[in-house]
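Descriptive structure summary
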Amino acid sequence: MKKLRVLLAMLVVPGLMLTASCAKKVVKPEAAVSKADTTAQRVVTPPPAPVDNSAQEAALAARQKFQAEDVYFAFDSAVLNATAQSVLKDKAGWLKANAAANVVIEGNCDERGTVAYNLALGERRAASAKAFLTNMGVAPARMATISYGKEKPVDPGHNEQAWAKNRRDHFVIK
Amino acid sequence: MPALLHISIFFIVSMWYGFACAAGQYDYVDINNPSLKKVPIAIPFFKPVTGNASESEISRNGANMLSDALAFTSYFNILDRGAFLADAQKADPASPLFKAWTTVGAELLVTGAAAVNGNQLELDLRLFDTFNERQLLGRKYTGNVSDLRSMILRFCNEIMGLLTGSTGLFGSKIAFISSGSGSKEVYICDFDGHNAVQITHNRSINLTPALSSDGKWVAYTSYAKGKPELFIENIVDKRVTVVDKKGMGISPGWLPGRFELGATLTFSGDPEIYLLTGNGKIINRLTNSPGIDISPAFSPDGKRMAFVSRRGGTPQVYIQDMNSGSATRITFHGNNNTQPEWSPKGDKIVYTTLEKGGFFNICVIGADGQGLVQLTHAQGDNESPTWSPDGSLIAFSSTREGGSRIYVMTVYGADQRKLVSMPGTQSEPRWSPGVTN
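Residues numbered from 1 in each chain as written. Chains lettered and ligands numbered in written order. Predicted model: local features only at pLDDT ≥ 70, side-chain atom pairs only at ≥ 80, totals over all residues.

Observations regarding the overall build of chain B
Scanning chain B for helices and strands turns up four helices and 30 strands. Expected size for 437 residues packed as a compact globule is a radius of gyration near 22 Å; at 23 Å, chain B falls within 12% of this value. Its C-alpha atoms put chain B at 70 × 50 × 45 Å along the principal axes. Taken across its 437 residues, chain B has 47% of its residues classed as buried. For chain B, contacts bridging at least 24 residues in sequence account for 45% of all contacts bridging at least 6. (Helix = DSSP H or I, 4+ residues; strand = E, 2+ residues; numbered from the N terminus. Rg over C-alpha atoms; globule rule 2.2 N^0.38 Å. Buried ≥ 20, exposed ≤ 12 C-beta atoms within 10 Å, placed from the backbone. Contact = placed C-beta atoms within 7 Å.)

Focus: the overall build of chain A
Helix and strand counts for chain A stand at six helices and four strands. For chain A, the proportion of its 174 residues judged to be buried stands at 32%. The contacts of chain A with a sequence gap of at least 6 include a subset with a gap of at least 24, amounting to 73%.

Comments concerning the domain arrangement of chain A
Residue and element names in this part refer to chain A. In terms of domain boundaries, chain A breaks down into domain 1 (2-66) and domain 2 (69-173). Between domain 1 and domain 2, the residue contacts involve five residues of the former and six residues of the latter. For the side of domain 1 that touches domain 2, the per-class residue count stands at three nonpolar, no polar and two charged. (Domains from an automatic or database assignment. Nonpolar A, V, L, I, M, F, W, Y, C, P; charged D, E, K, R; others polar.)

Re the interface of chain A and chain B
Contact with chain A, which involves 13 residues of that partner, is made by 24 residues of chain B. Of all the secondary structure elements, the ones that give two or more residues to the side of chain A that touches chain B are α5 (115-135) and β3 (143-149) of chain A. Sort the elements by how many residues they give to the side of chain A that touches chain B and α5 of chain A lands first, with seven residues. Tallied by class, the residues present in the side of chain A that touches chain B amount to six nonpolar, three polar and four charged.

Observations regarding the pairing of strand β14 (residues 249-254) of chain B
All names here are of chain B. The buried fraction of β14 amounts to six of the six residues, a majority that puts the element mostly inside the structure. Of the strand pairs in this sheet, β14 and strand β15 (residues 260-265) are connected by four bridges, and their pairing is antiparallel. Across the sheet, residue G253 finds its bridge partner in β15, namely G262. Counting the residues that bridge the hairpin from β14 to β15 gives five residues, and of these G257 lies at a positive phi of roughly 75°. (Pairing = 2+ DSSP bridges.)

As for the pairing of strand β1 (residues 39-42) of chain B
Residues and elements named next belong to chain B. Looking at chain direction, β1 and strand β3 (residues 76-78) are connected through three bridges and run parallel. By the bridge assignment, P40 is partnered in β3 with N77. Where β1 and strand β4 (residues 108-117) come together, two bridges link them in parallel fashion. Among the inter-strand pairings, I41 is bridged to a residue of β4, identified as L108.

Some points on the packing of helix α4 (residues 82-97) of chain A against α5 of chain A
Between two packed helices, the angle of one axis relative to the other and the distance separating the axes together describe the packing. Residues and elements named next belong to chain A. In contact at an axis separation of 10 Å, α4 and α5 are set at 55° when each is read in the N-to-C sense. When the interaxial angle is binned, α4 and α5 end up oblique. Here α4 and α5 pass one another in a crossing that is right-handed. The segment α4 lies against α5, with Q85, L88, K91, A92 and L95 engaging A129, F132 and L133. (Axes fitted to C-alpha atoms, helices over the stretch in contact; angles between N-to-C directions. Parallel < 35°, antiparallel > 145°, perpendicular 65-115°, else oblique. Left-handed = near helix turned anticlockwise from the far one by under 90°.)

Focus: the packing of helix α2 (residues 53-72) of chain B against helix α4 (residues 148-164) of chain B
All names here are of chain B. Remark: α2 packs on α4, axes separated minimally by 10 Å, with the N-to-C direction vectors making an angle of 45°. Between α2 and α4, the interaxial angle falls into the category oblique. Crossing hand, α2 versus α4: right-handed. In this structure, α2 uses I58, N61, G62, M65, L66, A69 and L70 to contact α4, whose residues at the interface are L148, R149, I152, L153 and C156. For the contact of α2 with α4, the class distribution of residues is nine nonpolar, two polar and one charged.

With respect to the sheet that holds strand β26 (residues 382-387) of chain B
Residue and element names in this part refer to chain B. Pairing in this open sheet of four strands is antiparallel, and the strands run β26-β27-β28-β29 from one edge to the other. The outermost strands of the open sheet, each flanked by one partner alone, are β26 and β29 (417-418). Relative to strand β28 (residues 405-410), strand β27 (residues 393-398) runs antiparallel, the two being bridged by six bridges. Within the sheet, the bridge partner assigned to L393 lies in β28 and is T410.

Examining the nonpolar core
Counting 115 residues, the largest nonpolar core has I41, C156, V218, A219, I349 and A395 of chain B as the members making the most contacts within it. Every residue in contact with I41 of chain B, bar those within four places of it in the chain, is listed here: L70, F76, N77, I78, L79, A106, L108 and V110 of chain B. Within the second largest apolar cluster, 18 residues are counted, among which are L95, V138, I146 and Y148 of chain A. (Core = buried A, V, L, I, M, F, W, Y, C linked by C-beta atoms within 7 Å.)

Observations regarding the domain arrangement of chain B
All names here are of chain B. Looking at chain B, the domain boundaries give domain 1 (21-164) and domain 2 (173-431). One C-alpha centre belongs to domain 1, the other to domain 2, and the line joining them spans 35 Å. Among the residues making up the side of domain 1 that touches domain 2, the classes are represented as five nonpolar, two polar and no charged.

Some details on the sheet that holds strand β30 (residues 426-431) of chain B
Residue and element names in this part refer to chain B. Read from one edge of the open sheet, four strands run β9-β8-β7-β30, paired in antiparallel fashion. Of all strands in the sheet, those bounded by a partner on one side alone are β9 (197-198) and β30. Bridging between strand β8 (residues 185-190) and β9 involves two bridges; their strand directions are antiparallel. Looking at the pairing, I188 lines up with V197 of β9.

A closer look at the environment of S183 of chain B
Residues and elements named next belong to chain B. Examined against the element boundaries, S183 turns out to sit in the loop between β7 (173-178) and β8. C-alpha separation for the pair S183 and T130, spaced 53 residues apart in sequence, amounts to 52 Å. Non-local contacts of S183, meaning those with residues more than four positions away in its chain, are made with R203, S204 and I205.

Comments concerning unusual backbone geometry
Residue and element names in this part refer to chain B. Positive phi values are uncommon outside glycine, yet A378 reaches one of about 50°. Secondary-structure assignment places A378 in the loop between β25 (373-374) and β26. The class of A378 is exposed, set by 10 C-beta atoms lying within 10 Å. Residue E428 is not a glycine yet carries a positive backbone phi of 55°.

What follows is the structure in structure tokens.
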């Protein structure tokens, strides 16, 4: 039974990693599991006995939400607005519930402005989130920051819609 | 330390003395005149001395190279060879028929004679004032046939030194970023975009390259080791020093004539500008203000530093006295002014401004904050301005044709043209400070 669970986790996690790159799109855990099941059938016989996965699924969903949900900023600003703060409160909750997890906060900017300035601004954005989470009781040692300036846009467009998506902190569990 | 200081002061004084002399003698081209009339110059094909095939080829290629190099400065009107009355390939290059050249409108004339023996090239180049019927310059270069371009460029440097009092353009290099290989890597090319060489090969993200005065070192920010750190690389032997402090190392700028640079480090938790040795050791901290302080650019005498600070609420250009540490804001027009670079004469600052319409453009302002002039208008985003070491040209990046490319223009914004044609996007040009041949 224990072996099976490990095997299941091994199959589910890479499946999640593949889908995690689709920003914001919440992937249903059932889909990931059924995908894993079909793979598992090829590898192990007999097929896995039905297991109550609901707690695990919820945990995975929460973990996925933590990484999928970005915090957004106004142009040339590292100030956390009300929406950003509410998203960060959720993240603080998750970090407290998952004390073993460490996080890298990636600060990003839109394409406007110069490379060096955006590197500095991206770092300010990551630092704002780290300071907020620290105030919410998350140990600073669990959080690292890195700025990608304007080097890693999620939307390559040259309009306000794209820029708004790119001015963000992205959270990666390590 | 005092001895070093004396040497550098002596160097600067003697250089200025040299300039004053030359400029006073021949006032043909005034690069400080915005409504400059281009000087008409005739550059006929060189004379093949013995008449062998290699000489004939060099006579044409060399004359074309010389024409292209002088045209690049924007100070010359290269006359059409089809209108020439005299056949310079048959005449004596030392005593041209001046009337034949003034008749076609030439005020200056370059003649050449090429002698090739095996791989050995002897190139005789002369510059004449056709109206005063006198020779202004005469130089003989010997070397390998493959040295043709460097011989031509050395002669061009002499012409510019004589006519404008400023040398150093033709021996200079430009560092820039290109994404052509699939990742942003540092490249270095000649002043005119020729001979681009890839410097970094780490397939990571490399940004904001800056060349040292002697052209031997390039400092840049690289993600090669995971986070954005300051790399200082010797271009010749490829030695790399990484300033591996906590946080980032960004926006390097070399002190003219010294093995020292300024850069922003964030290990204290706040982005501040530090003075570093070329070996990456911190000498001292230059700014002390909460919030963003980046992009140090030093005056030619090293006594002042222009930089970008957000201390007033928006990113603006400030100038700080290196002795007293006191800083004065010089840009007040617009909410986003960044990337200052000091003119080689020390009187002006070029920088990037965000216009109300949402586009970035290049402006020049006096180091005293007076005399703001916008150089680029309504052609995409224009960023990363950098002066040529002779002070005559400004290179910059622009999105006017779609992806970012590097362009060059006169310091008055005239004659804007593309500098390099390469795959991918090119950005962040940075000219080396003058290297005298």
